[in-house]
Each structure stands twice: as C-alpha cells, then as structure tokens.
Amino acid sequence: MPTCKILFFLLLALCTSCGECDVKYGQVGGEVSMDCGVPQNSDVEWKLNDILIIKINGRRGTRQKGPSHIKDKVSVNGGSLKVPRLETRDSGVYSCNSGKRYTLHVVSVFAKPGPVLVQSSSAELHCDIDGNPNTEVQWLSPSNDKKDDKKQVIHLKSVTSNDDGQWTCLIKDDLKLSLKLTVVAGLQTTAVKVPEGGNIKLPCSLPRSVSQRVVGGKWTADHLPTVSFPTLKNTETKGLHWSGDDSSKVIFTSDQLNINYDVMLINAQPSDEGKYVCTVEFEGGVKLTAETNLMVVAKPSGEGPPPELSVVQDILGVDSPVLAGISGGLESEAEPEEHNTETSQQSKQLQHRQSGSSTPNQAGTKKKQIPSPAAIREELLELQRDVLQLQKIKLQLEIEKLKKEK
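No experiment lies behind these values; they were computed from the predicted model shown.

Chemist: Which parts of the structure should I look at to understand the overall build of the protein chain?
Modeler: When its secondary structure is counted, the protein chain shows 5 helices and 24 strands. Counting contacts in the protein chain only where the partners sit at least 6 residues apart, residues at least 24 apart contribute 53% of the total. When the accessible surface of the protein chain is split by element, carbon and sulfur atoms take 50% of a total near 24,800 Å².

Chemist: Where do I start with the sheet that holds strand β6 (residues 75-77) in this structure?
Modeler: As a general point, the strands of a sheet are linked pairwise by backbone hydrogen bonds and lie either parallel or antiparallel. Spatially, β2-β7-β6 is the arrangement adopted by the 3 strands of the open sheet, whose pairing is antiparallel. Strands with a single pairing partner mark the edges of an open sheet, and in this sheet they are β2 (32-35) and β6. Strand after strand, the sheet turns through a mean of 20 degrees between neighbouring axes, direction not considered. In terms of strand pairing, β2 meets strand β7 (residues 80-83) through 4 bridges, oriented antiparallel. Among the inter-strand pairings, Val32 is bridged to a residue of β7, identified as Val83.

Chemist: Can you walk me through the pairing of strand β16 (residues 192-195) in this structure?
Modeler: Regular strands place side chains that alternate from one sheet face to the opposite one. On β16, burial follows the alternation: Val192 and Val194 on one face are buried, whereas Lys193 and Pro195 on the facing-out side are not. In terms of strand pairing, β16 meets strand β24 (residues 287-297) through 4 bridges, oriented parallel. Bridge pairing in β24 links Pro195 to Val297.

Chemist: I'm lost on the side chain of Thr135 in this one. Help?
Modeler: Within the fold, Thr135 resides in the loop between β11 (123-129) and β12 (138-140). Side-chain polar atoms of Thr135 contact the side chain of Asn132, separated by 2.6 Å. If we ignore the near neighbours within four places in the chain, the residues touching Thr135 are Tyr25, Ile129, Gln152 and Lys172.

Chemist: Honestly, the packing of aromatic side chains in this entry has me stumped. Any pointers?
Modeler: The way to describe two aromatic rings as a pair is by their centre distance and the angle between their planes. Scanning all chains against the criterion turns up 2 aromatic pairs. On the basis of an interplanar angle of 35 degrees and a centroid distance of 6.3 Å, the ring pair of Trp46 and Tyr102 is categorised as tilted. In this pair, Trp46 sits in strand β3 (residues 44-48) while Tyr102 sits in strand β9 (residues 101-112), placing the two residues 56 residues apart along the sequence. Look at Trp46 and you get buried, because its relative accessible area is 0%. Judged by relative accessible area, which is 4%, Tyr102 ranks as buried. Relative to Tyr276, the ring of Phe229 has its centre 6.3 Å away and its plane inclined at 70 degrees; by these criteria the two rings are edge-to-face. Of this pair, Phe229 sits in the loop between β18 (214-220) and β19 (231-235) while Tyr276 sits in strand β23 (residues 274-282); the two residues are 47 residues apart in sequence, bridging distant segments of the chain. Tyr276 matches Phe229 in its accessibility class, with the two residues each being buried.

Chemist: Just to check I follow, could you spell out the side chain of Ser95 for this structure?
Modeler: If you trace the backbone, Ser95 turns up in strand β8 (residues 92-96). Using a relative accessible area of 10% as the deciding quantity, one classes Ser95 as buried.

Chemist: Help me out: how do you make sense of the pattern of salt bridges in this one?
Modeler: When the charged atoms of two side chains with opposite charge come close together, those side chains can pair. Going through the model one piece at a time under the given rule, you end up with 11 salt bridges. One salt bridge in this structure joins Lys55 and Glu45, with 3.9 Å as the shortest N-O distance. Of this pair, Lys55 sits in strand β4 (residues 51-56) while Glu45 sits in strand β3; the two residues are 10 residues apart in sequence, bridging distant segments of the chain. With a shortest N-O distance of 4.0 Å, Asp72 and Lys71 are connected by a salt bridge. With a relative accessible area of 56%, Asp72 lands in the exposed category. Through salt bridges with shared partners, a single ionic network connects Lys73, Glu87, Arg89 and Asp90.

Chemist: Please clarify how the nonpolar core should be interpreted in this entry.
Modeler: Where a protein is soluble and globular, its nonpolar side chains tend to be buried together. Residues Leu187, Trp219, Tyr261 and Tyr276 are the most contacted members of the largest nonpolar core, which totals 35 residues. Breaking this core down by element, the ones donating at least two residues are β16, β17 (200-202), β18, β20 (239-243), β22 (263-265), β23 and β24. Not counting chain neighbours up to four residues away, the residues in contact with Leu187 comprise Cys204, Ser205, Leu206, Tyr261, Cys278, Val280, Leu288, Thr289 and Ala290. Of all hydrophobic cores here, the second largest spans 22 residues; its members include Tyr25, Val109, Ile154 and Ile171.

Chemist: Hey, could you run me through the state of the cysteines in this one?
Modeler: Here a disulfide denotes one covalent bond, and it connects the sulfur atoms of two cysteines. By the definition in use, this model includes 3 disulfides. Between the sulfur of Cys127 and that of Cys169 lies a disulfide, 2.0 Å long from S to S. Around the S-S axis, the bridge from Cys127 to Cys169 shows a dihedral of about -85 degrees and counts as left-handed. One end of the pair, Cys127, is in strand β11; the other, Cys169, is in strand β14 (residues 165-171), with 42 residues separating them in the sequence. Here Cys127 matches Cys169 in class, with each residue buried. For the protein chain, the disulfide bridges join cysteines in the arrangement 1-2, 3-4, 5-6, where the cysteines are counted in sequence order.

Chemist: Can you help me understand unusual backbone geometry in this one?
Modeler: When glycine is set aside, most residues are seen to have a negative phi, and most peptide bonds are trans. Cis geometry marks the peptide bond from Lys112 to Pro113, where omega comes out at 5 degrees. Here Pro113 lies in the loop between β9 and β10 (116-118). One non-glycine residue, Arg85, lies in the positive phi region at around 45 degrees. Inspection of the secondary structure puts Arg85 in the loop between β7 and β8. Residue Arg85 is classed as exposed on the basis of its relative accessible area, which comes to 54%. Backbone geometry at Asn267 places phi at a positive 50 degrees, although glycine is not the residue there.

Chemist: Explain the sheet that holds β14 to me, please; I cannot follow it from the model alone.
Modeler: What the 4 strands build is an open sheet, ordered β10-β15-β14-β12; its pairing is mixed. The sheet is open, and its two edges are formed by β10 and β12, each paired on a single side. Across this sheet, the average inter-strand angle for adjacent strands is 30 degrees, counted without regard to direction. Across 3 bridges, the pairing between β12 and β14 is antiparallel. Among the inter-strand pairings, Leu140 is bridged to a residue of β14, identified as Thr168.

Calculation criteria
- Residues numbered from 1 in each chain as written.
- Predicted model: local features only at pLDDT ≥ 70, side-chain atom pairs only at ≥ 80, totals over all residues.
- Heavy atoms only, no water.
- Helix = DSSP H or I, 4+ residues; strand = E, 2+ residues; numbered from the N terminus.
- Contact = heavy atoms within 4.5 Å.
- Areas by Shrake-Rupley, 256 points an atom, 1.4 Å probe, with all protein chains shown as cover.
- Pairing = 2+ DSSP bridges.
- Axes fitted to C-alpha atoms, helices over the stretch in contact; angles between N-to-C directions.
- Buried < 20%, exposed > 50% of the residue type's maximum accessible area, 1.4 Å probe, protein only.
- Polar contact = N/O pair within 3.5 Å; in protein donor to acceptor, adjacent residues only side chain to side chain.
- Phe/Tyr/Trp six-rings, centres within 6.5 Å; stacked < 30°, edge-to-face > 60°.
- Salt bridge = Lys/Arg side-chain N within 4 Å of Asp/Glu carboxyl O.
- Core = buried A, V, L, I, M, F, W, Y, C linked by side-chain atoms within 4.5 Å.
- Disulfide = S-S within 2.5 Å.

As structure tokens, then:
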C-alpha cells in the first residue's frame, strides 16, 4: 500500500478515536482558546505536538510546566487553555488528557513590499496559513468586492486609489482577517533656486496623512559629506520629530511632525548646488524617497552696499536719506551711458580734477578715455564718504550744542 494512503488512514483513525477533531485558526499576534472539557478541579494536562505544555493537579492546585516553547505564556482556567501573542511556530496539534484534540493553524496577513504603496506600483497580499498552504480563502477588496482568485496570495498590478483601504481575508467562515493598504502618490518635492548667500527651504512632504506609522527618515546630499543633517525619530514622548543639532548649514523645526519634512539650508554657496534626497521610512520597513535639485544663483557684480557703509548705517540709520542717495548712485551706474547724464558729468569733473586742467573741454586738450564703471563707482563712493564724514561732524556739533543748552 502506498505511503500516502497509510498516513491518510492513520490520521482518520486518530480523529475517530479522539471523538472530536477541531481545526482552529488564529492570527499572528492574536490569541486562541481551547477547552479540555473536564469538570472543575479535575487534573488537566495539555500538550503541543505530544510535548508537555503544563500539568495541573486539580485537587492540590499544583502546576508543573513542561519543556514546550509556549509554557511561559499560556494560561489555564477551569481546563481551558489560552495561548496569547500567537506566532507561526505555535501551529500544531494541541491535546488534552480528556481526549480532546485541536489542530491550530496560525495565519499571517501582510502585504509585500509593505502596507504603504506608491501609486502604479505592484504588490502581493498574503493570507498565509501555516501548515496548510492549499486551503482556499476569500479575499474582499475595500469596496467589498469578492476576488475570483481563491489563493492565499494574490497579486495587485499597478495599484490605484481604489486599492487604498481595508482588505479582508475570510478563512472557512471561521476567521476574518483585515489588512490596511495605503496608496500614496509618493513623497512630494520640487527643484529649488536660491541667490548666493541666501536661505532656502528643501521641500519634502506626503500628499496626505497615512494610517501607517512613520518610524524614521533623513535628508542626505552626497556632495556634502561633512554637513550634518537631522534624522526622523518617532518616540512615545515626542512623537514624530527631527533629531539632531542645528548646524551652520542646516536648521529645522523642533515641533512634532505630521506630513511635512522640510529643512532649511542657510547661507547657500555654489558648492551647495546639487542633488538632495529625502527618505521617509514606515513601520514594516517600507521606504519612500524623493530627490530635489538645488541651484545657487551667483550675485551680480557690485550687488548690495559696500562694506564701508556699515559704519554709516550705525551712525545715520538704515533709512537715512544720505544712504538712499548712495544706493541711488550705485543703481544709476547700471543705466545706459546716454541716459546717465549726471554720472557722465561727474565723471568728467573727476577727470578734470585729476588732470589739473582749467576746463574739461579746453581747446587743444587731448580727449581722455572715459574711465570704467568700476572706477567711476569708486570715485563716487570716495566723494560720498567725504559727505558722510562732514555730516557726522555736523551731527556731533549739534549734539554738543544741545548739551550746552541743557
């Protein structure tokens, strides 16, 4: 007789002899109970795959644990055995000294690569029954539609928002297991541009809140190996937050985060230009990444007030009309020469002063080359500094006069 037939008849004889053979299903992380069916205060003995779990003397109430791996987590009440925090290795045949036997299958429900999916990606939904891979199951979509495929593993191709929500695995009407899928468009970001020396926000966010817990994440830039970027942490006390110290290059909020993971890059320099990568990690190991490119725009030559004016700002104030005159003079330098009559005349006067001539257009005088804009600017600044110095002296005299009047 073939071996398979011998095993079949042995199993049939075992089930017949025990009088009742129950099949139970439990979910990983859940719990299951099995009743021995004995009167109160009776002796109870439970085994898993013929290995002793626990033995109880009903009259004395003494308990003896066996070598089974589940001996420390089970509990027995009135002969009923409860197995919490189920693991796949807890599957097997449970037997009680009353003759009752139970076959327990622990079921794992999960998604690959994870419960958070990027739109248009593919996924596998698993309803794995340990020890019984051929048992058919019924899958229900978030819209409660039944899937034709009765296998424990189904494949989703190019997921959409219709796949977002709760999926259900039904096992012989005995167990109803749920799996939550979240379909997102991916992390959102955009290319950014900043003037040299300016500050710029590096954008990174989820399009919406998700039920799956964010457990970590970070910013990286391969071209800036020495720059310290913060990392995402999720703790019971602070929730999801950035962890790290503000550096001379990157600053970030200390508030609790939800879907926005921006950081601020400060004092941008040409060497900062390049690719920045934002990564967000969800519970279960799924990671989403987004890349943004930073462009640093060089300042035009001569942009901004010259260093010499810092002292003047301290004395006269930022809004001084004198400073406004200087700014106007600097801005006029960029105007076309034919529209800048005042600057041209000042330039001619400066040339006349340097040459010692009586008149700039004296007959017989050789026409001189017009100085460069940079030279004109320097001469104008020199004159303006003289004016400011005189105004400073005037202010000091007025202050002294007010002191004497008091």
